[in-house]
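Each chain, written out:
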4 protein chains.
Amino acid sequence: MEPTTAPASPDRRRELLDTAAEVFAAQGYNATTVRQIADAAGMLAGSLYYHFDSKESMVDEILAAFLDELWAGYDAVLEAGLGPRETIEALVTESFREIDRHRAAVAIYQKEARYLATQPRFGYLTESRRKFERAWLGTLERGVAEGVFRADLDLRLAYRFLRDTVWVAASWYRPEGRHSPEEIARQYLAMVLDGIALPS
Amino acid sequence: MEPTTAPASPDRRRELLDTAAEVFAAQGYNATTVRQIADAAGMLAGSLYYHFDSKESMVDEILAAFLDELWAGYDAVLEAGLGPRETIEALVTESFREIDRHRAAVAIYQKEARYLATQPRFGYLTESRRKFERAWLGTLERGVAEGVFRADLDLRLAYRFLRDTVWVAASWYRPEGRHSPEEIARQYLAMVLDGIALPS
Amino acid sequence: MEPTTAPASPDRRRELLDTAAEVFAAQGYNATTVRQIADAAGMLAGSLYYHFDSKESMVDEILAAFLDELWAGYDAVLEAGLGPRETIEALVTESFREIDRHRAAVAIYQKEARYLATQPRFGYLTESRRKFERAWLGTLERGVAEGVFRADLDLRLAYRFLRDTVWVAASWYRPEGRHSPEEIARQYLAMVLDGIALPS
Amino acid sequence: MEPTTAPASPDRRRELLDTAAEVFAAQGYNATTVRQIADAAGMLAGSLYYHFDSKESMVDEILAAFLDELWAGYDAVLEAGLGPRETIEALVTESFREIDRHRAAVAIYQKEARYLATQPRFGYLTESRRKFERAWLGTLERGVAEGVFRADLDLRLAYRFLRDTVWVAASWYRPEGRHSPEEIARQYLAMVLDGIALPS
DNA sequence: CATGAATGAGCTTTCATTCAT
DNA sequence: GATGAATGAAAGCTCATTCAT
């Protein structure tokens, strides 16, 4: 019979951050008030400041944790020595898994990254974006060189196409939905790699 | 005896709305203060209220004007009696033209529609989203029925894929960029219809 | 028949700063709320922010204006080529005049300078204190060298004695009081220069 | 069976009060947070409330203890039947000894007494000030009557001059400094009684 | 005795909006 | 048409204080 007492500190933080992420994702960072987060967490606005320095430091922690995990997955893929097509497949699948696990964080990242990145504190967002571009664009270039991808495309356009295509899914994805992240990845890859048209 | 120096009122409104749209797109609706808009327009915050009822009515007018124009184009395409593939091609091209003309409005729509749609005043956003879905999803279904599009796809997924793919472009598109909207449309269609992979 | 309209901007600022100075002097900077200042000025707390950036910038302006005026007077004295005793007399008189004109500002300076000086923004307070010390201590040293002042004193102690003696007066001085600033200066100088004891 | 490790409670209180006094003196009562005191004492803010009722009761105890000790010394001097000049000398010396022993408390008294005295709880501050005035002013008057002090001074001014002159020293005094309290008293008395100027 | 977590009141500040001129 | 000054509501945050453990 568990006592209904307060959980230990790091767990509590995580709990609160998850709550905050949900609210941020639903309403937008700026449109979310600290009071709304506190309400959702069942406490008073001021009480949040026992755990966090500021509203800003909450998004900060949410985004940083997400990017850490994301890059752990990406790095594993990139160091696996796969061919270009298999790398793209693995990156897309990894991305949808990340969306599945951290939907709220991904949605926040999508909507607020550009705005937040203007502040020095969030410099790592810009950094991450660059690393991201190098990884995807590099793979595409390799694929063209190796004759696996079409040569008649503007690769920067293709990169943006891929990137957006994957991440925007966070805005509508629901974990309890019909498809598993792997299934969604498979469908996306089918479209991205081979197109929606039947070869005539 | 009207003085000829005073600018026609509707022009001034348009001018101010364009300015506001630019700022909204750059900073987000909530993060934008009325004063920032006024600064950008070279006037004081209070003076904007001679032209507009409220900050809300500014986004309202911006979005409504954009959607009006968009649907004029879409409706023309949908009533032209084209085949499914040609319809998709025309809709995508039309969309990129719209992005070219109303980049700021499209960017605002992308970022804020979900949040704004919760208010009754912006009910037309939800309505438009539904019409949108009917148009695209219907065309896809027709394409599958006619054997022009692949039958092994979850069409709702494909719809979202198409929709996001096109509109997210507003977040990075720059009118002075390398490619014309038609050229971008062509590239996107190449990827979407036939995939980025070379047929093996 | 004057209309009871709002006065022009720079005057209004001065008015508000005078009000603020009075409240700060009476209650202490930290113990004073922006609301109290606004109340005293007959407006709402938020309205003060039309005129000033922050509570801090209010003290800043108050103190800076006071020190500017003070140094104008001091510099005139120091450049007049007076003997040490006459210089001390003139500085003391000038100080009491300043207390008479800017009682609140002087009181704030006395109570809050040390605390405020820890912030970079108020660096000029430290600077002013140093300049102050050079002026007074230098005059005392000159006086000892010329045989006008006693040689058996620790001059740093004497400097502090003089300095405090003069400025603390701001904490009890009332402009409508019995004595004019010049008369108070005369009495202080009598005590400081010749002592309160009768020569035996 | 009391464990011998637990420190006697009154000692701990004293220790904490000394710590608190130091912080209050350095930052001002209002600008000091309970947490800063707790930090300085190596405990958490809430823990202080095991020892004290409130922040207010801390200053209260600090000031009351200081005034108790001060008046013990003053009363001894006043009842010793000394002449006016010797009384002044003894009071000044006693005061500097008090500054030496309770620098922080004296500094707090100097800066905060006026503000605190507005609350009923600190009524003894006002009382003490009155007693103080009677003691010093009475001695001065006696001195004038007996021909020991100059008759051409406004005695209320002289009183304030003496009072401030002595106590403000608490704001710069450092116990480890060059001069003993007795030496400082001697120098102050030399200035106050006989002036800084050489008799011409 | 001390901690960890929370409360609740109040603070400074922001900002959309109003309105007399 | 625009300005200058103000309003009022609400925001983010601070802090003395409480209390179960």
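See the structure shown above.
These lines cover the structure that appears in this document, whether it is placed above or below. Note that the structure is a prediction, hence the values are computed from the model and not measured. (Residues numbered from 1 in each chain as written. Chains lettered and ligands numbered in written order. Predicted model: local features only at pLDDT ≥ 70, side-chain atom pairs only at ≥ 80, totals over all residues. Heavy atoms only, no water.)

Brief notes about the overall build of chain A
- Across its full length, chain A holds nine helices and zero strands.
- Moving toward the C terminus, one meets the helices and strands of chain A in the order α-α-α-α-α-α-α-α-α.
- Projected onto the principal axes, the alpha-carbon positions of chain A cover approximately 60 × 40 × 30 Å.
- Here chain A, with 200 residues, has 52% of them falling under the buried criterion.
- Across chain A, every contact between residues at least 6 apart in sequence was considered, and the portion connecting residues at least 24 apart equals 69%. (Helix = DSSP H or I, 4+ residues; strand = E, 2+ residues; numbered from the N terminus. Buried < 20%, exposed > 50% of the residue type's maximum accessible area, 1.4 Å probe, protein only. Contact = heavy atoms within 4.5 Å.)

Thoughts on the relation of the copies chain D and chain C
- Of the two same-sequence chains, chain D is brought onto chain C (RMSD 0.1 Å, axial shift 0.0 Å) by a rotation of 180 degrees. The relationship between the two copies is best expressed as a two-fold rotation axis. Minimal C-alpha separation from the rotation axis in chain D is found for G195 of chain D, amounting to 1.9 Å.
- The share of interface residues of chain D whose copies in chain C are also at the interface is 100%, consistent with both copies meeting through the same surface. (Least-squares fit on C-alpha atoms with pLDDT ≥ 70 in both.)

Focus on the protein's contact with DNA strand F
- Taken together, 30 residues form the shell around DNA strand F, and within it Y49 of chain A, S47 of chain B, H51 of chain C together with V34 and Y49 of chain D come nearest.
- A share of 78% of the atoms of DNA strand F within 4 Å of the protein falls on sugar and phosphate groups.
- Separating a phosphate oxygen of DNA strand F from a backbone N or O atom of T32 of chain D is a distance of 3.4 Å.
- Elements supplying a minimum of two residues to the surface near DNA strand F: α2 (34-41) of chain A, α3 (48-51) of chain B together with α1 (9-27) and α3 (48-51) of chain C.
- Of the residues assigned to the surface near DNA strand F, the class counts are eleven nonpolar, 14 polar and five charged. (Near = heavy atom within 4 Å. Polar contact = N/O pair within 3.5 Å; in protein donor to acceptor, adjacent residues only side chain to side chain. Nonpolar A, V, L, I, M, F, W, Y, C, P; charged D, E, K, R; others polar.)

Things to note about the interface of chain B and chain A
- On the chain A side, the residues contacting the 42 residues of chain B number 42 residues.
- Carbon and sulfur atoms make up 62% of the surface buried where chain B meets chain A, a total of about 4,000 Å² over both sides.
- Of all residues in chain B, the largest losses of buried area upon contact with chain A belong to R150, F161 and I196 of chain B, amounting jointly to 19% of the total for that side.
- Inspection of the region where chain B meets chain A yields 23 residue pairs in polar contact (both at pLDDT 80 or more).
- Of all the secondary structure elements, the ones that give two or more residues to the side of chain B that touches chain A are α6 (103-116), α8 (155-167) and α9 (181-194) of chain B.
- Examining the composition of the side of chain B that touches chain A, we find that nine residues originate from one element, α8 of chain B, more than from any other. (Buried area = accessible area lost by both parts, 1.4 Å probe.)

Points about a positive patch on the surface
- Among the surface-exposed residues, R114, R129, R130, K131 and R134 of chain A together with R174 of chain B lie close enough to one another that they form a single positively charged patch.
- Take K131 of chain A: it is sitting in helix α7 (residues 123-145).
- On the accessibility criterion, K131 of chain A (34% relative accessible area) is partly exposed. (Patch = residues over 30% accessible without salt bridge, like charges linked within 9 Å, V, L, I, M, F, W, Y side chains within 5 Å. Areas by Shrake-Rupley, 256 points an atom, 1.4 Å probe, with all protein chains shown as cover. Salt bridge = Lys/Arg side-chain N within 4 Å of Asp/Glu carboxyl O. Lys, Arg positive; Asp, Glu negative; His and termini not counted. Charge placed at Lys NZ, Arg CZ, Asp CG, Glu CD.)

Describing the protein's contact with DNA strand E
- Near DNA strand E there are 30 residues, and of these H51 of chain A, V34 and Y49 of chain B, Y49 of chain C together with S47 of chain D occur at the shortest range.
- Within 4 Å of the protein, atoms of DNA strand E come from sugar and phosphate in 75% of cases.
- One of the side-chain nitrogen or oxygen atoms of R12 of chain A is found 3.1 Å away from a phosphate oxygen of DNA strand E.
- At the level of elements, α1 (9-27) and α3 (48-51) of chain A, α2 (34-41) of chain C together with α3 (48-51) of chain D are the ones that each hand at least two residues to the surface near DNA strand E.
- Looking at the surface near DNA strand E, its residues break down into eleven nonpolar, 14 polar and five charged.

What about the relation of the copies chain B and chain A?
- With an RMSD of 0.1 Å, chain B superimposes on chain A once it is rotated by 180 degrees and translated 0.0 Å along the axis.
- A high fraction, 100%, of the interface residues of chain B reappear at the interface in chain A, so the copies pair face to face through one surface.

Some thoughts on the environment of E98 of chain D
Residues and elements named next belong to chain D.
- Along the chain, E98 falls in helix α5 (residues 84-101).
- Residue E98 is classed as buried on the basis of its relative accessible area of 0%.
- Each C-alpha atom, one on E98 and one on F161, is 19 Å from the other, the two residues being 63 residues apart in sequence.
- Other than its neighbours up to four places away in sequence, E98 contacts F66, E69, L70, R103 and V106.

Details of the interface of chain D and chain C
- Counting residues at the interface gives 42 residues for chain D, matched by 42 residues for chain C.
- For the pair chain D and chain C, the summed buried surface comes to about 4,000 Å²; carbon and sulfur atoms form 62% of the total.
- The largest share of the area that chain D buries against chain C comes from R150, F161 and I196 of chain D, three residues that together contribute 19% of it.
- Counting across the interface, chain D meets chain C through zero salt bridges.
- Taken together, chain D and chain C are joined by 23 residue pairs in polar contact (both at pLDDT 80 or more).

So, the arrangement of the chains
- Looking at chain A next to chain C, you find no contact at all, with the nearest C-alpha pair sitting 20 Å apart.
- Separated throughout, chain B and chain D approach each other most closely at a C-alpha pair spaced 33 Å apart.

Some details on helix α1 (residues 9-27) of chain B
Residue and element names in this part refer to chain B.
- Here α1 is 19 residues long and its end C-alpha atoms lie 27 Å apart, about the 27 Å a rise of 1.5 Å per residue gives.
- Looking at the buried positions of α1, the neighbouring elements they touch are α2 (34-41), α3, α4 (55-78) and α6.
- Just downstream of α1 lies G28, where phi reads positive at about 90 degrees. (Expected span 1.5 Å × (residues − 1).)

Considerations on the pattern of salt bridges
- Across all of its chains, the model carries 70 salt bridges over all chains by this definition.
- Linking D60 of chain A and R121 of chain A is a salt bridge whose minimum nitrogen-to-oxygen distance equals 2.6 Å. On the criterion of sequence distance, the pair formed by D60 of chain A in helix α4 (residues 55-78) and R121 of chain A in the loop between α6 (103-116) and α7 is long-range, its members being 61 residues apart.
- For D60 of chain A, a relative accessible area of 13% puts it in the buried group.
- One salt bridge connects R101 of chain B with E94 of chain B, and the closest N-O pair in it is separated by 4.0 Å.
- The partly exposed category is assigned to R101 of chain B, whose relative accessible area is 47%.
- By sharing partners, the salt bridges in this structure join E69, E94, R97, E98, R101 and E182 of chain B into a single network.

Some words on the environment of R121 of chain A
Residues and elements named next belong to chain A.
- Judged by its relative accessible area of 37%, R121 falls in the partly exposed class.
- Distance from R121 to Y188, taken between C-alpha atoms, is 34 Å for residues 67 residues apart in sequence.
- Beyond its immediate sequence surroundings of up to four residues, R121 is in contact with S54, E56, S57 and D60.
- Reaching out from R121, the side chain makes a polar contact with the side chain of D60 at a distance of 2.6 Å.

Some points on the environment of E22 of chain B
Residues and elements named next belong to chain B.
- Counting through the fold element by element, E22 comes out in helix α1.
- Between the C-alpha atoms of E22 and R150, which are 128 residues apart in sequence, the distance is 40 Å.
- A polar side-chain atom of E22 sits 3.2 Å from a polar atom in the side chain of R103.

Focus on the packing of aromatic side chains
- Taken as a whole, this structure holds 50 aromatic pairs over all chains when the rule is applied.
- When the ring of F66 of chain A is compared with that of W167 of chain A, the centres are 6.2 Å apart and the planes differ by 80 degrees; the resulting orientation is edge-to-face. Residue F66 of chain A is found in helix α4, and its partner W167 of chain A is found in helix α8 (residues 155-167); the two are separated by 101 residues along the sequence. W167 of chain A carries the same exposure label as F66 of chain A, and that label is buried.
- Ring pairs connect the aromatic residues F66, W71, Y74, Y109, F132, W136 and W167 of chain A, which therefore count as one cluster.
- Residue placement shows K55 of chain C over the ring face of Y29 of chain C; its charged tip is 4.7 Å from the ring centre. (Phe/Tyr/Trp six-rings, centres within 6.5 Å; stacked < 30°, edge-to-face > 60°. Lys NZ or Arg CZ within 6 Å of the ring centre and 35° of its normal.)

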